[in-house]
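Remarks on the overall topology
Single-letter residue listing:
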Amino acid sequence: MKGVDFKGRGTGRQPANIYQKSKLVLDHVEGIDIPEYEEIPSTQFFPVSSKTALSFNDSPDLPLNYSVNPYQGCEHGCIYCYARNSHQYWGFDAGLGFESNILVKKDIVSQLKREFEQKGYEPHPIMLSGNTDCYQPAERKFKLTRQILELCLAFRHPVSVITKNSLIDRDIDILKELASHKLVHVYFSINHLDPGLKLLLEPRTATARLKLKLIQKFSAENIPCGIMVAPIIPGINSEDVTKIIEAAGKAGAKKAGYTVVRLNGQIKDLFEGWLETHFPDRKDKVMHQIEQLHGGKANDSAWGRRIKGEGPLSQTIAGLFKLAVHKYIDPNGRMPEYDMSHFKGNGQMKLF
């Protein structure tokens, strides 16, 4: 796969969209086809309508079955992101196109309100977001995540938020109110402590240091926080697992979870290109270890194994994680149970 990596982007590569029979290139005067992007492209936003706000997933690997995704595509540019593949459904590529073409679901809030108001609707915790980060840079402009949180507060509907971005601090007022009604859990995704690695692995996310500060700040305001060490990539960030959990525990995190990396679809080629650019000396070892976790292949769709892996390396990671959690996360500091007894839907909020 040809391509050049741009500063501030996870990749500059543009793999062909598997759903399209043709590919846009520029025909050079010498007869050489060159990629569509020769310079760092600016981010473009595309307003789209949504048929439904709630996405349902019955995977046993997920703690929550319902999610709301106000954006598709993500400027964070995390090279390993599984959501890259789905961007091809919208006519974009899974590489640079995923990072620079953001779909904005302009009617997501009104759609969600209608679903809350449906007769017979039963409240259940929803995840913000199950696909791309609800606090990615686009949120500064469109504020859809904030409006969704306001809607959840008005309806007294439970919500779980996970993010890699410090923009969530903007909404601490709503999160405090939700927490006072036992309606919110906040998770920060932290998979490294090295700001240099962040610039390569997750270029437009917040640093671990800043996210840990927010855990401390939110915890002081009684907003329950947890962390996800995700994904763990052998040979890249696996040595930081214990240190991450220790730092999160000291900051006040009440819960910790993890996943191991899997490279489905076009993510494998993108990730291998990323390794070749930034860690060529480790490329083969890292790829072999990832394959060891997933039955000999980098991709994995088997429930359970796709999230935690299997085999000796998986057992080592699980053992280190369990030991660190036992040592550094307060066993009495569990996330509070959601209180769904005050839900105001089923036609009760017509005047909202």
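Up top you'll find the structure we're talking about.
Scope of this entry: the structure provided in the associated data block. Note that the coordinates shown come from a computational prediction; the quantities given were computed from them, not determined experimentally.

Procedures and definitions
Residues numbered from 1 in each chain as written. Predicted model: local features only at pLDDT ≥ 70, side-chain atom pairs only at ≥ 80, totals over all residues. Heavy atoms only, no water. Helix = DSSP H or I, 4+ residues; strand = E, 2+ residues; numbered from the N terminus. Rg over C-alpha atoms; globule rule 2.2 N^0.38 Å. Contact = heavy atoms within 4.5 Å. Areas by Shrake-Rupley, 256 points an atom, 1.4 Å probe, with all protein chains shown as cover. Buried < 20%, exposed > 50% of the residue type's maximum accessible area, 1.4 Å probe, protein only. Pairing = 2+ DSSP bridges. Expected span 1.5 Å × (residues − 1). Axes fitted to C-alpha atoms, helices over the stretch in contact; angles between N-to-C directions. Parallel < 35°, antiparallel > 145°, perpendicular 65-115°, else oblique. Left-handed = near helix turned anticlockwise from the far one by under 90°. Salt bridge = Lys/Arg side-chain N within 4 Å of Asp/Glu carboxyl O. Core = buried A, V, L, I, M, F, W, Y, C linked by side-chain atoms within 4.5 Å. Nonpolar A, V, L, I, M, F, W, Y, C, P; charged D, E, K, R; others polar.

1. Concerning the overall build of the protein
- Each helix and strand counted, the protein has 12 helices and 12 strands in total.
- Against the compact-globule benchmark of 20 Å for 352 residues, the protein has a radius of gyration of 21 Å, which places it among compact chains.
- Across its three principal axes, the protein shows a C-alpha extent of roughly 65 × 45 × 35 Å.
- Sequence separation of at least 24 residues holds for 79% of the intrachain contacts in the protein that already meet a minimum separation of 6.
- Surface exposure of the protein reaches about 16700 Å², of which carbon and sulfur atoms provide 52%.

2. Overview of the pairing of strand β7 (residues 101–105)
- Counting buried residues along β7, five of its five residues qualify, which places the element largely inside the surrounding structure.
- Burial along β7 is two-sided: N101, L103 and K105 facing one way and I102 and V104 facing the other are all buried.
- The sheet contact formed by strand β6 (residues 71–72) and β7 spans two bridges and is antiparallel. Within the sheet, the bridge partner assigned to Y71 lies in β7 and is V104.

3. Remarks on the sheet that holds β7
- Strand order in the open sheet made by the three strands is β3-β7-β6, with mixed pairing throughout. A single partner strand is all that each edge strand has here, and the edge strands are β3 (44–48) and β6.

4. Quick word on helix α4 (residues 144–155)
- When the terminal C-alpha atoms of α4 are compared, their 16 Å separation across 12 residues agrees well with the 16 Å that a helix rising 1.5 Å per residue should span.
- Summarising burial for α4: 10 of the 12 residues are buried, a large majority.
- L144, T145, R146, I148, L149, L151, C152, L153, A154 and F155 are the residues of α4 that are buried.
- Residue R156 follows α4 closely and has a positive phi angle near 55°.

5. A look at unusual backbone geometry
- With an omega of -5°, the peptide bond between L128 and S129 qualifies as cis.
- Considering the arrangement of structural elements, one finds S129 in the loop between β8 (126–128) and α3 (138–142).
- With omega at -10°, the peptide bond leading from A230 into P231 counts as cis.
- Mapped onto the elements, P231 comes out in strand β11 (residues 225–232).
- Phi is positive for K182, close to 55°, though the residue is something other than glycine.
- Take K182: it is sitting in the loop between α5 (172–180) and β10 (184–189).
- Its identity is not glycine, yet N222 carries a phi of approximately 65°, on the positive side.
- Relative to the assigned elements, N222 resides in the loop between α7 (208–220) and β11.

6. Concerning the packing of helix α2 (residues 108–117) against α4
- Packing of α2 against α4 brings their axes to within 9 Å, and their N-to-C directions diverge by 20°. Put simply, α2 runs roughly parallel to α4. α2 and α4 meet at a crossing whose hand is right-handed. Of the residues in α4, those in contact with I108, V109, L112, K113, F116 and E117 of α2 are L144, Q147, I148, L151, C152 and F155.

7. As for the pattern of salt bridges
- Summed over all chains, the structure comprises 16 salt bridges.
- R170 serves as the salt-bridge partner of E139, at 2.6 Å between the closest nitrogen and oxygen. Here E139, found in helix α3, pairs with R170, found in the loop between β9 (159–163) and α5; they are 31 residues apart in sequence, far enough to count as distant.
- For R170, a relative accessible area of 27% gives the class partly exposed.
- The partner of R146 in a salt bridge is D173, and the shortest N-O contact between them spans 2.9 Å. Taken together, the residues R146 in helix α4 and D173 in helix α5 connect sequence positions 27 residues apart.
- Assessed through its relative accessible area of 19%, R146 is described here as buried.
- Through salt bridges with shared partners, a single network forms among E139, R146, E150, R170, D171 and D173.

8. Here we look at the environment of L293
- Position of L293 among the secondary structure elements: in helix α10 (residues 283–293).
- The sequence separation of L293 and M340 amounts to 47 residues, and the corresponding C-alpha distance is 38 Å.
- Setting aside anything within four residues of it in sequence, one finds L293 in contact with P234, V260, R305, G309, E310, L313, S314 and I317.

9. Structural notes on the nonpolar core
- In terms of nonpolar packing, the biggest core is built from 64 residues, with F218 and I227 touching the most fellow members.
- Counting residues per element, this core draws most heavily on α4, at eight residues.
- Counting 24 residues, the second-largest nonpolar core is a separate cluster that includes C78, F98, L201 and L263.

10. Digging into the packing of α4 against α5
- At their nearest, the axes of α4 and α5 sit 10 Å apart, and the two run at 25° to each other. By the angle between their axes, α4 is roughly parallel relative to α5. Judged by the twist between their axes, the crossing of α4 over α5 is left-handed. On α5, the residues touching R146, L149, E150, C152 and L153 of α4 are D173, I174, L175, E177 and L178.
- Here the residues of the contact of α4 with α5 sort into six nonpolar, no polar and four charged.

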